[in-house]
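Observations on chain architecture
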Amino acid sequence: MTYDFLQHYWWFLVSLLGALLVFLLFVQGGNSLLFNVGKTAEERRLMINSTGRKWEITFTTLVTFGGAFFASFPLFYSTSFGGAYWLWMLILFSFVLQAVSYEFQNKIGNILGTKTFQCFLVANGVVGPLLLGGAVATFFNGSNFIVAKQNLTDGMQPVISSWANASHGLDALLDPWNLILGLAVFFLARVLGSLYFMNNIKDETLESRCRAKVLCDAVPFLILFVAFLVRTLIKDGYAVDPATGAIVMEPMKYLHNLLDMWYLLIILLIGVVLVLYGIIAEIRFKAQSSSTSETAEPNAKFKNKGIWPAGIGTVLTVLVLFLLAGWNNTAYYPSNIDLQSSLTIQNSSSSEFTLRVMFYVSLLIPFVLAYIAYAWRSLDRKQITKKEIAEEESY
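Residues numbered from 1 in each chain as written. Predicted model: local features only at pLDDT ≥ 70, side-chain atom pairs only at ≥ 80, totals over all residues. Heavy atoms only, no water.

1. Some thoughts on the nonpolar core
Rules: By nonpolar core is meant a set of buried Ala, Val, Leu, Ile, Met, Phe, Trp, Tyr and Cys residues that side-chain atoms within 4.5 Å join together. Using a 1.4 Å probe on the protein chains alone, a residue whose accessible area is under 20% of its type maximum counts as buried, one over 50% counts as exposed, and one in between counts as partly exposed. In DSSP terms, a helix is any run of H or I states spanning at least four residues, a strand is any run of E spanning at least two, and both are numbered starting from the N terminus. Residue contacts are defined here by distance: any two heavy atoms, one from each residue, within 4.5 Å place the two residues in contact.
Of all hydrophobic cores here, the largest spans 104 residues; its most connected members are Trp11, Phe69, Phe73, Phe139 and Tyr332. With 14 residues, the single largest contributor to this core is helix α9 (residues 176-200). Apart from the residues within four sequence positions on either side, Phe73 is in contact with Gln7, Trp10, Trp11, Val14, Ala68, Tyr332, Ile345, Ser348, Ser349 and Ser350.

2. A few points about the packing of helix α1 (residues 3-24) against helix α14 (residues 307-326)
Geometry of a packed helix pair, given as the angle between the helix axes and the separation of the axes. Convention followed: To obtain an axis, a line is fitted to C-alpha atoms, over the contacting stretch when the element is a helix, and the angle between two such axes runs from 0 to 180 degrees between their N-to-C directions. In these notes the angle categories are as follows: under 35 degrees is roughly parallel, over 145 is roughly antiparallel, 65 to 115 is roughly perpendicular, and the rest is oblique. We call a crossing left-handed when the near helix sits turned anticlockwise from the far one by less than a right angle, and right-handed when that turn is clockwise. In this classification, Asp, Glu, Lys and Arg are treated as charged, Ala, Val, Leu, Ile, Met, Phe, Trp, Tyr, Cys and Pro as nonpolar, and every other residue, Gly included, as polar.
It is the contact of α1 with α14, at a shortest axis distance of 8 Å, that shows an interaxial angle of 140°. Classed by the angle they form, the pair α1 and α14 counts as oblique. The element α1 and its partner α14 pack so that their crossing is right-handed. Residues Trp11, Phe12, Ser15, Leu16, Gly18, Ala19, Leu20, Val22 and Phe23 of α1 lie in contact with α14, whose contacting residues are Ile307, Gly311, Thr314, Val315, Val318, Leu319, Phe322, Leu323 and Gly326. Each residue belonging to the contact of α1 with α14 can be placed in one class, and the counts come to 13 nonpolar, 5 polar and no charged.

3. Looking at the pairing of strand β4 (residues 247-250)
Rule in force here: A pair of strands is treated as paired once DSSP finds two or more bridges between them.
Sheet analysis places strand β3 (residues 237-240) next to β4, joined by 4 bridges and oriented antiparallel. From the neighbouring strand, Tyr238 faces β4, where its bridge partner is Met249. Linking two consecutive strands that pair antiparallel, namely β3 and β4, is a turn of 6 residues; a positive phi of about 80° is found at Gly245 within it.

4. What about the packing of aromatic side chains?
Put simply, the test is: What counts as a ring pair is set by centres within 6.5 Å for rings of Phe, Tyr and Trp (its six-membered ring), and what kind of pair is set by the plane angle: stacked under 30 degrees, edge-to-face over 60, tilted for all other angles. For a lysine, the NZ atom is tested; for an arginine, the CZ atom; a charge sits over a ring if that atom is within 6 Å of the ring centre and within 35 degrees of the ring normal.
Taken as a whole and assessed by the stated rule, the structure comprises 43 aromatic pairs. Centroid distance Tyr9 to Trp10: 5.8 Å. Interplanar angle 85°. Geometry classified as edge-to-face. An identical accessibility class is assigned to Tyr9 and Trp10; each is buried. Taking 6.3 Å as the distance between ring centres and 45° as the angle between the ring planes, the aromatic pair formed by Tyr196 and Phe197 counts as tilted. By relative accessible area, which is 2% here, Tyr196 ends up buried. A cation over an aromatic ring shows up here: Lys54 above the ring of Trp376, its NZ or CZ 4.8 Å from the ring centre.

5. Focus on the confidence of the model for the protein
We apply this condition: Residue-level confidence of the predictor is summarised by pLDDT, bounded by 0 at the bottom and 100 at the top.
Within the protein, residue pLDDT values average 87, and 89% of them lie at 70 or more. Contacts for the low-pLDDT stretch residues 292-298, under 50 throughout, to residues beyond four places or in other chains number 2 contacts.

6. Notes on the packing of helix α4 (residues 41-52) against α9
Remark: α4 packs on α9, axes separated minimally by 10 Å, with the N-to-C direction vectors making an angle of 100°. Taken together, α4 and α9 sit at an angle that is classed as roughly perpendicular. Across the interface between the two elements, Met47, Ser50 and Thr51 from α4 touch Tyr196, Phe197 and Asn200 from α9. For the contact of α4 with α9, a count of residues per class yields 3 nonpolar, 3 polar and no charged.

7. Regarding the pattern of salt bridges
Filter applied, for reference: Think of a salt bridge as a Lys or Arg side-chain nitrogen and an Asp or Glu carboxyl oxygen that are within 4 Å of each other.
If you walk through the whole model with that rule in mind, you get 5 salt bridges. The closest approach of N and O atoms between Arg209 and Glu43, which form a salt bridge, is 2.7 Å. Here Arg209, found in helix α10 (residues 204-234), pairs with Glu43, found in helix α4; they are 166 residues apart in sequence, far enough to count as distant. A salt bridge links Glu207 to Arg211, with the nearest nitrogen and oxygen atoms 2.6 Å apart.

8. A word on α4
Worth spelling out the cut-off: Multiplying one less than the number of residues by 1.5 Å gives the expected span of a helix.
Taking 1.5 Å of rise per residue, 12 residues should cover 16 Å, and α4 covers 16 Å from first to last C-alpha, within 8% of that figure. Of all 12 residues in α4, 9 are buried; the element is thus mostly enclosed. The complete set of buried residues in α4 reads Glu43, Arg44, Leu46, Met47, Ile48, Asn49, Ser50, Thr51 and Gly52.

In structure tokens:
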């Protein structure tokens, strides 16, 4: 295991966590639909109980994503989380609102009212995916920061990285392409949320509304994502000279990355096909529901299963985007103020000893994932019904 291998290995793990996080945003997407799909208090309680069984996994993945970045690429952590703190604070605050809402909306003595806390869930469902998508877009479009490692020897002010303006990350929202990816993630989360509700809740009325929402949200998602992907592939990218470590602009750098790493192109195509399959399959069932029952019956066992191909496709697609940003001698966190301050997996990683020790710790990850899969399956052994939430304690 060389130092270079460990750096690439940990960028892969961080990318995988980021991809899993985007899939798990179906919780936020589902909550954003709370008042669009749930027309009665009972229906909204069904939806909240459904996402309430998974929100902790999403939150834990978000924290783990940040922790993995801190451990493996500490200079990114100090630059982005420390410099662009207003952007990250808004994201974290929306997730804290989510946790508080699940905990207190039905508690005795709730002076704000149940609907207020449900509005907090909707706010998290909108703000969380939008800002997280915008933050990821800065990996391709750059941010306004300066890195000066020589400051580490300054006893009075040993600050390595600093933000170049007083916005501290909110300036990312001024770039329309960051907003385009943020909106794409938002609509994708809503699509996944609808697919998840259809799979997890047994209620024909909610199922019908969610199926209609899949198409409504899939169209803007596809338009926005394709626009961002095409623009990213043809734009100038931030290349790293492997000999000197200098950052230079290279025309169509990300397209070159995709062609050089042909296996990522295959994974990207598989991911896109799976997402489209998950969406189209459920839309097709909606069309079949208006025809005779004989037409729909042969495919009944595949009904409401779209969350799985769409979810796996989301993980594969986002994983490829992260890898395109960091592998193949690419600066994954470009600086728009000082090109040479841009961060790469080589100049921002932890020491070889740290990465090596964490490599052995990371071998436990499959066991953690197996436990999560087991817990998930236990929770989803049967679909949620109105009778169940009436009889048992719920959110």
